[in-house]
Amino acid sequence: MTSNPPDEVIDLRTRSPETLWGVSAESLYLAVCAVATDTPLSHALKPHHTATVLQTNDERSTETVADVHHILLTELGLVTDDGELTDRGRLVLSTEKPGETIRLVAAHQLPRIQEFLREFASIDDDRLPRSELETLIRDAEDRNFIAPLLSSLAFLDLYPEGVILDHKTIMQTIDRLEQDSTLPTMAIALINSLTTLDDPRLIARVAATHTGTSITPTQVTQTTPLNALATAKYGDPVRTSTAELADAVDDTHIAVTDDVDTFETALDPEERTVTRAGVTVDDNTVASTFPGNPTDESVTTVLDLFATIHAHPQLHSIALPPLTDVLDLDPYSLYRIVANLPGVDCSLQDDLLLMFETVPDAPGGVDRYDAFRDDLFEALHTRLSWRDSLTDVTLTETPHVRSEVIESIIMGVDDDTIAPTYFVYTLPDPDALGKERMEKYVDDQPALRRERARLKHWKDQRDNDLRRFTEMTDRLFTRGQERDLEERVVRIMTPYDDDTFSEYTSQLRSLLRDGYELRLLTRHTKQRWEWERLRDNLLGDLEENRENVTIRTYSRYKEYQRVTSETDETDLAEFGVHAKLQTIGHSIEGAALLGSANFMENSYNWNPECGVYTENSNFVAAAIDFFDHVWELSEADEVDLTSLQEIPRRSFYPSYYV
């Protein structure tokens, strides 16, 4: 122990339940936030917060509790002796799970915490008599510091007569402690927590510049700050100055700017042309230069490369990353394989390009000029966006969790203040739609190929507050499956629908089986086949609980007209349901999804669509009120589900007019 707790301590035998000076994982997280924002701890723990933060110790002053927080922050290595935030503290701020993070840090930094956790893990029962805990306590520090801290961090609940262990939390922490230690994860998480960069390839590049260690984008995407804390080597607290990180960003910016110049030159057809060597290579010749047994795809890719340059000698440079991915080789190994082929004169530039002077003829290859040009274009576009990001990068120590969330931890605010709200969208997604489908879409059109590259780049770079309609429809239905909602009603308003309903049949079937009511409000179509499609896709797989499904339509005419067999349908000036809305549950517990998307395949996968998903109770209440109002207006046009089994061969009209 490098610091001692204040003289005033908690008597474990008189508090029920007990915590160490009101220090919970959440209040420690607040203390780290206070250090990061240069706010005095005594100010961070405002008097009106004491009821929540201080818990059983609310009679103590905020200044005293702030002192205890500072001692613990130092003990856990989250601040330096001078009170500055350490790299470990920065990592804590960047995580989305502050409670889990603080528990992990405490177990990592305090060996006695680990010893207690491993003892608890060996005990089968989750309830212990107080006497059994006393046998594990060996000194005053255990009694007055470690045991209350275990309670504060939710590993156990302490009562005068006994102890209740939280085995799930204990085992989760032990499992993380046993992960292997790696330096790059710390570097990645540190860079990620201090900058506004959001491209894993760019983060990896800055981190590698900062540490001098090779770091891959895969390590970035697979490493969270929590993982970094779990695998980091713990020793004396270290604080990397923001000046060092700024230097790494500046150095990376210079390098990326050089890359931009490199790719712009590579795309310039007037730079030079490639000479034909006058020799021929075939698949056997190419295969012989590979170590081991190359795949057919690897050999074909090299032949296609030569055939393309042979047909387009102005294509003097080829982007390396796509080739290295296909051939599963590092840039230098690929260069050696190609350079050793007959008739090839090429050079390697900065692991980015293969630059050719001469190439052989490859009659077995295919001209893929558009694909190779698109690779160069995408590489340039990526680095231009990196250059812009590095120009505007900020180096801050602002917590990952926004100030409202911090307030919710301290004050226990309700969901009217803190409620998930997302911007929802649809755009063609090259990943979700699949390679084969996107190949049919772009065919051999260069402009469409560039569009696909831009769509993928935008999706990879998008803000975390964006979600797809498919994802949020699934989330809305899943909310009803995973939670015991008081009002078991699903409301869907959509003018048009198609077989997209069938993709959510299993979830709807589960909801209906659990007693939910499905209210579908749609437009009163005159087309018989559209009613058949609704019947087949929505009701076809709902073999049970169909009595819980109600379908109504809302369509009206601007002038009242009795519809007869002689009526000209083109004379009917119609209006009706045009809104797209889904809700589940009531306002306090539920959610709403609305926007421009119909419940259709085009709207969910192809059309540019946008909307909002929220669990804010005021918003959900307004959405339900609107739906129910139109639902009541549509009472006369409720569809008889039995009649949908045998749809007559005639047009359908609202009941008011027939």
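The coordinates are above.
Read on for an overview of the structure. Source: prediction; values computed, not measured.

Let's talk about the overall build of the protein chain
For the protein chain, the count of helices and strands is 30 helices and 17 strands. Within the span of the protein chain, comprising 658 residues, buried residues form 48% of the whole. Nonlocal contacts in the protein chain, meaning residues at least 24 apart in sequence, comprise 77% of its contacts between residues at least 6 apart. Taken as a whole, the protein chain presents about 31000 Å² of accessible surface, with 46% of it coming from carbon and sulfur.

Here we look at the pairing of strand 8 (residues 421-426)
On a regular strand, one side chain projects to one face of the sheet and the next to the other, so that they alternate. As defined by bridge partners, strand 8 adjoins strand 17 (residues 609-614) across six bridges and the pair is classed as antiparallel. Looking across to strand 17, one finds that threonine 421 is bridged to threonine 614. Relative to strand 9 (residues 466-468), strand 8 is paired through three bridges, and the arrangement is parallel. Considered in strand 9, the bridge of valine 424 is made with arginine 467.

Brief notes about the packing of helix 20 (residues 369-391) against helix 24 (residues 446-461)
Taken N-terminus to C-terminus, the directions of helix 20 and helix 24 make an angle of 35°; their axes are 10 Å apart at the nearest point. The chirality of how helix 20 crosses helix 24 is right-handed. Packed against helix 20, whose contacting residues are Asp370, Asp374, Phe377, Glu378, His381, Thr382 and Ser385, the element helix 24 presents Pro446, Arg449, Arg450, Ala453, Arg454 and His457 at the interface. Of the residues that constitute the contact of helix 20 with helix 24, the class distribution is three nonpolar, four polar and six charged.

As for unusual backbone geometry
Positive phi, close to 55°, is recorded for aspartate 351, a residue that is not glycine. Relative to the helices and strands, aspartate 351 is located in the loop between strand 6 (345-349) and strand 7 (353-361). For aspartate 443, which is not glycine, the phi dihedral falls at a positive 50°. Relative to the assigned elements, aspartate 443 resides in the loop between helix 23 (435-442) and helix 24. Under the relative-accessibility criterion, aspartate 443 is labelled partly exposed at 49%.

A short note on the sheet that holds strand 8
Strands sit in the order 9-8-17-16-15-10-11-12 across an open sheet of eight strands; the sheet is mixed. Edge positions in the open sheet fall to strand 9 and strand 12 (549-553), since each of these has one partner strand only. Geometrically, the sheet is characterised by an average inter-axis angle of 20° between neighbouring strands, direction not taken into account. Sheet topology places strand 10 (residues 489-493) next to strand 11 (residues 517-522); five bridges connect them, and they run parallel. Counterpart to valine 489 in the pairing with strand 11 is glutamate 517. Against the sheet, helix 28 (residues 528-539) contacts strand 11 and strand 12, and its axis sits at roughly 155° relative to strand 12.

Quick look at a negative patch on the surface
There is a patch of like negative charges on the surface, built from Asp258, Asp261, Glu264, Asp330, Asp350 and Asp351. For aspartate 261, a relative accessible area of 39% puts it in the partly exposed group.

A look at the pattern of salt bridges
Under the criterion given, the structure shown has 28 salt bridges. Between aspartate 637 and arginine 556 there is a salt bridge, with the nearest N and O atoms lying 3.0 Å from each other. Remark: arginine 556 occurs in strand 13 (residues 555-557) and aspartate 637 occurs in the segment after helix 30 (617-633); sequence separation between them is 81 residues. Each member of the pair, aspartate 637 as well as arginine 556, is classed as buried.

Brief notes about the sheet that holds strand 3 (residues 162-165)
The strand order across the open sheet formed by three strands is 1-3-2, and the pairing between neighbours is antiparallel. A single partner strand is all that each edge strand has here, and the edge strands are strand 1 (127-129) and strand 2 (156-159). Adjacent strand axes in the sheet meet at a mean angle of 15° when their direction is disregarded. By the bridge criterion, four bridges tie strand 2 to strand 3 in an arrangement that is antiparallel. Of the residues in strand 3, the one forming a bridge with tyrosine 159 is glycine 162.

A short note on the pairing of strand 10
Burial analysis of strand 10 places five of its five residues in the buried class, the great majority of the element. Side chains Val489, Arg491 and Met493 of strand 10 all project onto a buried face; the interleaved residues Val490 and Ile492 project onto the opposite face, where all are buried too. Examined bridge by bridge, strand 10 and strand 15 (residues 580-584) share four bridges and lie antiparallel to one another. Looking at strand 15, one finds that methionine 493 is bridged to leucine 581.

Focus: the packing of helix 12 (residues 200-211) against helix 20
With their axes 11 Å apart at the nearest point, helix 12 and helix 20 run at an angle of 60° to one another. It follows that helix 12 is oblique to helix 20 by the angle criterion. Taken as a pair, helix 12 and helix 20 cross one another with a handedness that is right-handed. On helix 20, the residues touching Arg201, Leu202, Arg205 and Val206 of helix 12 are Thr382, Trp386, Ser389 and Leu390. Taken together, the residues of the contact of helix 12 with helix 20 sort by class into four nonpolar, two polar and two charged.

Section: the packing of aromatic side chains
Counted according to the given criterion, the structure contains 13 aromatic pairs. The interplanar angle of 75° and the centroid separation of 5.8 Å between the aromatic rings of phenylalanine 477 and tyrosine 504 together place this pair among those described as edge-to-face. Here phenylalanine 477 is found in helix 25 (residues 469-482), whereas its partner tyrosine 504 is found in the loop between helix 26 (500-503) and helix 27 (505-513), with 27 residues between them in sequence. Given a relative accessible area of 0%, phenylalanine 477 falls into the buried group. The class of tyrosine 504 is buried, set by a relative accessible area of 5%. Three or more aromatic residues joined by ring pairs form one cluster here, namely Phe469, Phe477, Phe501, Tyr504, Phe599 and Tyr604. Here the basic side chain of arginine 368 rests over the ring of phenylalanine 372, its NZ or CZ set 4.9 Å away from the ring centre. Over the aromatic face of phenylalanine 377 sits the side chain of arginine 450, whose NZ or CZ is 5.9 Å from the ring centroid.

Brief notes about the side chain of aspartate 429
Here aspartate 429 lies in the loop between strand 8 and helix 22 (430-433). Assessed through its relative accessible area of 4%, aspartate 429 is described here as buried. Leaving out residues up to four positions away in the same chain, aspartate 429 has contacts with Lys459, Arg468 and Asn605.

Some points on helix 18 (residues 320-327)
It helps to recall that an α-helix has 3.6 residues per turn; residues three or four apart then point in one direction. For helix 18, the full list of buried residues reads Leu320, Leu323, Thr324 and Leu327. Considered in projection along helix 18, the buried side chains sweep an arc of 95° and stay on one side of the axis. Buried residues along helix 18 sit in contact with helix 17 (296-311), strand 5 (317-319), helix 19 (331-339), strand 6, strand 7 and helix 20. Taken from the residues just after helix 18, aspartate 328 is the one with a positive phi, measuring 55°.

Remarks on the environment of asparagine 548
For asparagine 548, the position within the fold is in the loop between helix 28 and strand 12. If we skip the residues at most four places from it in the chain, asparagine 548 touches Leu512, Gly515, Tyr516, Glu517 and Leu518. A polar contact is formed between the side chain of asparagine 548 and the backbone oxygen of tyrosine 516, at a distance of 3.4 Å.

Procedures and definitions
- Residues numbered from 1 in each chain as written.
- Predicted model: local features only at pLDDT ≥ 70, side-chain atom pairs only at ≥ 80, totals over all residues.
- Heavy atoms only, no water.
- Helix = DSSP H or I, 4+ residues; strand = E, 2+ residues; numbered from the N terminus.
- Buried < 20%, exposed > 50% of the residue type's maximum accessible area, 1.4 Å probe, protein only.
- Contact = heavy atoms within 4.5 Å.
- Areas by Shrake-Rupley, 256 points an atom, 1.4 Å probe, with all protein chains shown as cover.
- Pairing = 2+ DSSP bridges.
- Axes fitted to C-alpha atoms, helices over the stretch in contact; angles between N-to-C directions.
- Left-handed = near helix turned anticlockwise from the far one by under 90°.
- Nonpolar A, V, L, I, M, F, W, Y, C, P; charged D, E, K, R; others polar.
- Patch = residues over 30% accessible without salt bridge, like charges linked within 9 Å, V, L, I, M, F, W, Y side chains within 5 Å.
- Salt bridge = Lys/Arg side-chain N within 4 Å of Asp/Glu carboxyl O.
- Lys, Arg positive; Asp, Glu negative; His and termini not counted.
- Charge placed at Lys NZ, Arg CZ, Asp CG, Glu CD.
- Parallel < 35°, antiparallel > 145°, perpendicular 65-115°, else oblique.
- Phe/Tyr/Trp six-rings, centres within 6.5 Å; stacked < 30°, edge-to-face > 60°.
- Lys NZ or Arg CZ within 6 Å of the ring centre and 35° of its normal.
- Arc of directions from axis to C-beta.
- Polar contact = N/O pair within 3.5 Å; in protein donor to acceptor, adjacent residues only side chain to side chain.

In short, geometric facts, not functional conclusions.
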